[in-house]
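Okay, here's what each chain looks like letter by letter:
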Amino acid sequence: MISKELLREKTIAFLEYMGVYIDNLEDNEKLEEFADIIKNTEDSAEKTNGLVYKYNDEYFLVINFLDGDYLVAPIEYTP
């Protein structure tokens with residue numbers, strides 16, 4: 001089972017890869033939208049122990065390395 005802390009780190013790295021940045025939140029509406037994106041992304045990823053992430057009906061493999069880098073690669077996946 002993946003820890004919540006690691007899942008959150010991977011989720012934020014994945015969303016940044018997809019062009020969704022926490023810095024772009026200028027009002028409460030954007031903040032709530034970002035929170036929903038994180039929740040939905042993490043809920044989906046948790047089912048695969050944080051390996052497969054879904055965004056806009058596309059699936060990606062997200063691997064974290066010991067040095068703190070991440071590999072994000074598009075994959076074909078059927079849940």
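This text follows the structure it describes.
The sections below set out a description of the structure shown in this document.

Reading the values: the criteria
Residues numbered from 1 in each chain as written. Predicted model: local features only at pLDDT ≥ 70, side-chain atom pairs only at ≥ 80, totals over all residues. Heavy atoms only, no water. Pairing = 2+ DSSP bridges. Helix = DSSP H or I, 4+ residues; strand = E, 2+ residues; numbered from the N terminus. Axes fitted to C-alpha atoms, helices over the stretch in contact; angles between N-to-C directions. Left-handed = near helix turned anticlockwise from the far one by under 90°. Contact = heavy atoms within 4.5 Å. Nonpolar A, V, L, I, M, F, W, Y, C, P; charged D, E, K, R; others polar. Phe/Tyr/Trp six-rings, centres within 6.5 Å; stacked < 30°, edge-to-face > 60°. Buried < 20%, exposed > 50% of the residue type's maximum accessible area, 1.4 Å probe, protein only.

**Some details on the sheet that holds strand β3 (residues 70–75)**
Reading across the sheet, the three strands line up as β1-β2-β3 and stay open at both edges, with antiparallel pairing between neighbours. Only two strands of the sheet have a single partner each, and these edge strands are β1 (52–55) and β3. The sheet shows a mean angle of 30° between the axes of neighbouring strands, direction not considered. One ladder, built from six bridges, connects strand β2 (residues 58–64) with β3; its direction is antiparallel. Residue pairing in the sheet places Tyr59 in a bridge with Ile75 of β3.

**Quick word on the pairing of β1**
In terms of strand pairing, β1 meets β2 through four bridges, oriented antiparallel. By the bridge assignment for β2, Tyr55 is matched with Glu58. Joining the antiparallel neighbours β1 and β2 is a turn of two residues, in which Asn56 adopts a positive phi near 50°.

**Digging into the packing of helix α1 (residues 4–17) against helix α2 (residues 28–46)**
Direction vectors running N to C along α1 and α2 enclose 115°, while the axes themselves pass 10 Å from each other. Seen from above, α1 lies across α2 with right-handed handedness. Between α1, through Lys4, Leu7, Arg8, Thr11, Ile12, Phe14 and Leu15, and α2, the contact on the second element is made entirely by Phe34, Ile37, Ile38, Thr41, Glu42, Ala45 and Glu46. Among the residues forming the contact of α1 with α2, the class breakdown is eight nonpolar, two polar and four charged.

**What to know about the packing of aromatic side chains**
Within the structure shown, the criterion is met by five aromatic pairs. Arranged with centres 5.1 Å apart and planes meeting at 35°, the rings of Phe14 and Tyr53 form a pair that is tilted. Residue Phe14 is located in helix α1, and its partner Tyr53 is located in strand β1; the two are separated by 39 residues in the primary sequence. The buried category is assigned to Phe14, whose relative accessible area is 0%. Cluster of aromatic residues (ring-pair linked, three or more members): Phe14, Tyr17, Tyr53, Tyr55 and Phe60.

Purely geometric stuff here, so don't read any function into it on its own.
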